[in-house]
Amino acid sequence: MKKFASPIGLAAVVGLLLLIAVAIVGPIVWGDAATSRNVAERWGAASPAHPFGTDDLGRDILARVLVASRLSLLLTAGATAIGLTGGLIIGLAASIMPSRLRRAVVWVMDILLAFPWLLLVLFFTVIWGATATGAMLAIGLSGIPNLTRLVYNLASSVSGTDYVRAARVVGVGPVGILTRHVLPNIASPLLVQAAAAASVTLLSFAGLSFLGLGVQAPAYDWGRQINEGIGQIYSNPMGAIGPGLAIVFAGLIFTLISEALADQPGQGIGRLVAASRAAVLPTDGRSGESGSESTVRLNKSPDATATEPAEAAPLAEVKGLHVAFPDGGGGVVERVHGIDFSVSQGETVGIVGESGSGKSLTALALAGLLVPPAAVAARRRAFDGIDLSSELTQSDRRRLGTELGVVFQDPLTSLNPALTIGRQLTEVPETHLKMSRRAARERAVDGLEAVGIHSAVHRMGDYPHQFSGGMRQRAMIGMALTAEPKLIIADEPTTALDVTVQKQVLGVLRAAKESTNTAVVLISHDIALVAGFCDRIVVMKDGQIVEELSAGRIREDAQHPYTRGLIACLPDMRSDRSRPLPVIDEVVRPAERHGPDQFADGGSGEGDPSEHVATGRDEVRSLL
Amino acid sequence: MSVLDVEGLSVRYRSRTVVSDVSFAVGRKETLGLVGESGSGKSTIALAIAGLAPVRTGSIRISGSESTGRSRSARIARRNVQMIFQDPFSALDPKMPIGESIAEATRATGRRWTAQDRRRRVADLLEQVHLDPDRAGSLPSQLSGGQRQRVTIARALAGEPEIIIADEVTSALDVSVQSTVLNLLRELQERLGISLLFISHNLAVVRYMSDEVLVMREGRIVESGETETLLSAPRQQYTRQLLSAVPVLGQRMSFEEDLSA
């Protein structure tokens, strides 16, 4: 099983097998030792013959711990199974009930959840009496509300997806949807949870038996053994610690299993492993606005450290920029391959490219915002005289915080939902510009008015969710403007917005540029948009700059087949509707490596062979 | 007779009216484009036609049979509609091989399929969308965004629908992939004679795909008509506003007139 091909997975599997083996053979092998009485040796301390000592009848405690593993584990498994089955049935059923009934079920479960589980267990114990089976039922049932809630939440999130909708359109019924789509997709988080729950259940049992409410004499489990051993804790500490160790060991194994089952390597301990791998990558120095960016110098030439005269330098620039990420297998994948990029004061530059072209990485590296595991290397990385590749001083950090504004695609994730817009807009002027609260507020109101938000004074008290998408994006820009930045980097700022709102947002950026001579880097996949807004366009592909063009003459000047393809395949209001759209042949991809002839020949591409169905190839070719 | 007839359709969620009194028709082999801002109700119309949104008033007829409600005849009528969603990443079950997803959709035909027939049909559909039939066992995660969108197209075709609703099918895709998907849709429509309800906020894409266009705003139809006529000589201010906001390559955007909230 691939899932367990990690040290944790291996430990979990070995541990589980060990537990199962002991549970099966324990009573057979050590059964006699566990029951043979030897009153002469009662209350014996730990010795080589009896590593955990002996109990009141002189029986070997280690043997009893090993024998008790069967009962302890069976009860744990039983209770976990009850909780899981109940949770699955109620949770799944609730997810397909009509909304009123569903709300009622969830409501009841929420009330039960708010009830302390131990109280529930005690309640059930009263009903069924203090027996092992009673305790198992009690613990199992008291685990149901929790698991029901989990199953219900997981199932609801799956039910809302498009693939479930598609299945419904196709005519798959509710039960079919549960078994075909919901269960397979919630199974793995559920297993993780079940393994974690097993470890809690084990502890619950130990607790109950310890209190005398669980397993009753003459039967015994680990909890009862602790209870028995605790009386002699001063003469034979191992009598209580021994069974305790067994509980800790089994609990640890359950937790490890849960960890190993966790599907995605980004979770839990898996994340730690990934992080430590990233840390093994050579790093030198920490820098960046966030103070946590690691810088790797991949191709550092000796003369590159000589700083160029500040007057001639553009506002922001990177030279020989490389960005790499760990590939998950110990190596690294380079995503940006040594590019040069610069912005001058008051200039608007567009970076165009498709997903994976490295356009966002380039801009983030320019802003010093890439954090590990991203590894950044450049011969030179500077913003307005600040060398971003060296250790930053406090004042450099403050300057970066105010003079460089960044606007992301989704304003909902970049604005804090719990704070008012006003609070977030006054933060920069107050903390970075050291303004008084009143002055900061005035500045923030000005910022909102500058981005065309009416009655800004009143809207300062609103929360982000009270703003529409376009307003949030304008507020983000307004926030950047409060600091009078010299450079605004806008990464797909309008991709989630409608055309009319897009125009408003870009209008705000344009106004900022015109009134304060702010430089703007606009990143987008839409070449028409970028060309309409910017002075200069940089076309990126596969981590390299393919071409740099003046925006006004893009149609005339574009030379590279990829740029031409991008222009040609984008339908506009004049496209010929009677013909298929030109497509960018995948062959354009390796064009730099094979030369333009390869492209014209339409040779075989890599990756998706059908991505270049020949429908529009002639059109692209005729452009060349 | 039209393949799809929508008359006086209104959809309400709780007390909020999302679509009010919308009527339109889509003829055989025709493409009707639906444009409008987010929140204009265009996606809700799509969901209502597919039976996934509650219809308050009005009727939806597919090839003449009423498709709203829970009756058996409505369910059978709805089988003739299939849908392609915006995000090919969430539109496919991550744990289900793509061939299985397509096979599942053959249920919508209402016929009984033998395992062998179904397998053959899946292979045939994959070929129709220019994917290698040998990849039927692949999981969605092994495919690129464009390939996944083809799989969802194949799945829509598996139900042998008379009309396909394409809701923002290219807005999550790269432009180079967008053109191949649009070409594929047109090619399949030509070959199989399917009608298309094509929803997008991208006017240029809608213009390229549609015979007729419907402009929507706040749940109502603002303007409708033959594509070229409507977009070259819009009668409504709102349509003109939409058109002027579309960036045109080689033209510098101007921002004088707006900047209002």
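Residues numbered from 1 in each chain as written. Chains lettered and ligands numbered in written order. Predicted model: local features only at pLDDT ≥ 70, side-chain atom pairs only at ≥ 80, totals over all residues. Heavy atoms only, no water.

When its secondary structure is counted, chain A shows 24 helices and 13 strands. Expressed as a percentage of the 624 residues in chain A, the buried residues total 51%. Taking all contacts inside chain A whose residues are at least 6 apart in sequence as the whole, residues at least 24 apart take part in 65%. Summed over its atoms, the accessible surface of chain A is roughly 27,900 Å², and 60% of this surface lies on carbon and sulfur atoms. (Helix = DSSP H or I, 4+ residues; strand = E, 2+ residues; numbered from the N terminus. Buried < 20%, exposed > 50% of the residue type's maximum accessible area, 1.4 Å probe, protein only. Contact = heavy atoms within 4.5 Å. Areas by Shrake-Rupley, 256 points an atom, 1.4 Å probe, with all protein chains shown as cover.)

Let us look at the overall build of chain B. Looking only at helices and strands, one finds 9 helices and 10 strands in chain B. Out of the 261 residues in chain B, the part that is buried amounts to 57%. Counting only contacts in chain B whose residues sit at least 6 apart along the sequence, the fraction spanning at least 24 positions is 66%. In the form shown here, chain B has an accessible surface area of approximately 10,700 Å², with 44% of it arising from carbon and sulfur atoms.

Residue and element names in this part refer to chain A. Strand E3 (residues 316-326) sits mainly inside the fold: 8 of its 11 residues count as buried. Between E3 and strand E4 (residues 332-343), which pair antiparallel one after the other, the connecting turn spans 5 residues, and Gly328 there sits at a positive phi close to 90°. Judged from the 4 bridges that link them, E3 and strand E7 (residues 380-383) form a sheet pairing that is antiparallel. What sits directly across from Lys319, in E7, is Arg380. Where E3 lies against strand E6 (residues 375-377), 3 bridges are found, and the strand directions are antiparallel. From the neighbouring strand, Val323 faces E6, where its bridge partner is Val376. (Pairing = 2+ DSSP bridges.)

To continue, consider the nonpolar core. Counting residues in each nonpolar core, the largest one holds 64 residues, and the members touching the most others are Ile153(B) and Phe198(B). In terms of nonpolar packing, the next biggest core, distinct from the first, is built from 55 residues, Met476(A), Ala531(A), Phe533(A) and Ile554(A) among them. (Core = buried A, V, L, I, M, F, W, Y, C linked by side-chain atoms within 4.5 Å.)

All names here are of chain A. In the contact formed by helix H2 (residues 61-96) and helix H3 (residues 99-114), the axes pass within 8 Å of each other and the chain directions differ by 145°. Taken together, the residues of H3 that come into contact with H2 (itself represented by Ile90, Ala94 and Ser95) are Arg102, Val105 and Met109. Each residue belonging to the contact of H2 with H3 can be placed in one class, and the counts come to 4 nonpolar, 1 polar and 1 charged. (Axes fitted to C-alpha atoms, helices over the stretch in contact; angles between N-to-C directions. Nonpolar A, V, L, I, M, F, W, Y, C, P; charged D, E, K, R; others polar.)

What follows deals with the sheet that holds strand E6 (residues 81-84) of chain B. Residue and element names in this part refer to chain B. Reading across from one edge, E6-E7-E8-E3-E9-E10 is the order of the 6 strands in this open sheet, with mixed pairing throughout. Looking at strand neighbours, the two that pair on one side only are E6 and strand E10 (220-226), the edges of this open sheet. The average angle at which neighbouring strand axes cross in this sheet is 20°, direction not considered. With 5 bridges connecting them, strand E7 (residues 163-167) and strand E8 (residues 195-199) associate as parallel partners.

Quick look at empty space enclosed by the protein now. Residue and element names in this part refer to chain A. Summed over the entire model, instances satisfying the criterion amount to 7 cavities of 30 Å³ or more. Counted as a void, the largest cavity has a volume near 110 Å³. Along the walls of the largest cavity sit Trp43, Thr54, Asp55, Ile61, Arg64, Gln225, Glu228, Gly229, Gln232, Asn236 and Gly239, which together make up its complete lining. In terms of residue count, the dominant contributor to the lining of the largest cavity is helix H8 (residues 222-230) (3 residues). By residue class, the composition of the lining of the largest cavity is 2 nonpolar, 6 polar and 3 charged. (1 Å grid on protein atoms, 1.4 Å probe; cavity = no way out; pocket = protein on both sides within 12 Å on 5 of 7 lines; lining within 4 Å. Points joined across faces, edges and corners; volume = space filled by probe spheres on them.)

Quantified by volume, the second largest pocket comes out at close to 2,100 Å³. Along the wall of the second largest pocket there are 49 residues; nearest its centre are Arg168(A), Pro174(A), Gly51(B), Leu52(B) and Arg70(B). No other element matches the 5 residues that helix H6 (residues 162-170) of chain A contributes to the lining of the second largest pocket.

The next subject is the environment of Ile98(B). All names here are of chain B. Inspection of the secondary structure puts Ile98 in helix H3 (residues 98-105). Sequence separation between Ile98 and Gln142 is 44 residues, and the spatial gap between their C-alpha atoms is 10.0 Å. If we skip the residues at most four places from it in the chain, Ile98 touches Leu126, Arg135, Ala136, Ser138, Leu139, Pro140, Leu143 and Val151.

Attention shifts here to the sheet that holds strand E1 (residues 4-13) of chain B. Residue and element names in this part refer to chain B. The strand order across the open sheet built from 4 strands is E2-E1-E4-E5, with neighbouring strands paired in antiparallel fashion. Every other strand in the sheet has two partners, leaving strand E2 (16-26) and strand E5 (65-66) as the edge strands with one partner each. Sheet contacts for helix H1 (residues 42-49): E1, E2 and strand E4 (55-62); angle to E1, the most-contacted strand, approximately 110°.

Moving on to the packing of aromatic side chains. Considering all chains together, one arrives at 0 aromatic pairs over all chains under this definition. Above the ring of Tyr208(B), the side-chain terminus of Arg186(B) is found at 4.3 Å from the ring centroid. (Phe/Tyr/Trp six-rings, centres within 6.5 Å; stacked < 30°, edge-to-face > 60°. Lys NZ or Arg CZ within 6 Å of the ring centre and 35° of its normal.)

The full count for this structure, using the stated rule, is 27 salt bridges over all chains. Notably, a salt bridge pairs Glu160(B) with Arg111(B), separated by 2.9 Å at the nearest N-O pair. Of this pair, Glu160(B) sits in the loop between helix H5 (145-158) and E7 while Arg111(B) sits in the loop between H3 and helix H4 (115-128), placing them 49 residues apart in sequence. Since its relative accessible area comes to 31%, Glu160(B) is described here as partly exposed. According to the relative accessible area criterion, Arg111(B) is partly exposed, its value standing at 45%. Through salt bridges with shared partners, one network takes in Asp384(A), Arg399(A), Glu403(A) and Lys486(A). (Salt bridge = Lys/Arg side-chain N within 4 Å of Asp/Glu carboxyl O.)

Let's shift gears to the packing of helix H5 (residues 132-159) of chain A against helix H7 (residues 174-210) of chain A. All names here are of chain A. Two numbers describe how H5 lies on H7: the axes approach to 10 Å, and their chain directions differ by 150°. Comparing their axes, H7 and H5 come out roughly antiparallel. Crossing geometry of H5 relative to H7 is assigned as right-handed. Contacts from Ala132, Ala135, Met136, Ile139, Leu147, Leu150, Val151, Leu154, Ala155, Val158 and Ser159 of H5 reach H7 at His181, Val182, Asn185, Ile186, Pro189, Leu190, Gln193, Thr201, Ser204, Phe205 and Leu208. Here the contact of H5 with H7 is built from residues that sort into 16 nonpolar, 6 polar and no charged. (Parallel < 35°, antiparallel > 145°, perpendicular 65-115°, else oblique. Left-handed = near helix turned anticlockwise from the far one by under 90°.)

What follows is about unusual backbone geometry. Among all residues save glycine, negative phi is the norm, and among peptide bonds the norm is trans. The residue Asp384(A) is not glycine, and still its phi comes out positive at about 45°. One can find Asp384(A) in the loop between E7 and strand E8 (386-387). With a phi close to 50°, Glu160(B) is a non-glycine residue in the positive phi region.

Moving on, we come to the interface of chain A and chain B. Counting residues at the interface gives 67 residues for chain A and 71 residues for chain B. For the pair chain A and chain B, the two sides together bury roughly 6,100 Å², of which 57% comes from carbon and sulfur. The largest contributions to the chain A side of the interface with chain B come from Lys503(A), Met573(A) and Arg577(A), which together make up 15% of the buried area. A salt bridge links Glu100(B) to Arg180(A); the shortest N-O distance between them is 3.2 Å. Summed over the shared surface of chain A and chain B, the number is 25 residue pairs in polar contact (both at pLDDT 80 or more). Elements with a contribution of two residues or more to the side of chain A that touches chain B: H6, H7, helix H18 (499-516), helix H19 (527-533), helix H20 (554-557) and helix H21 (561-569) of chain A. (Buried area = accessible area lost by both parts, 1.4 Å probe. Polar contact = N/O pair within 3.5 Å; in protein donor to acceptor, adjacent residues only side chain to side chain.)

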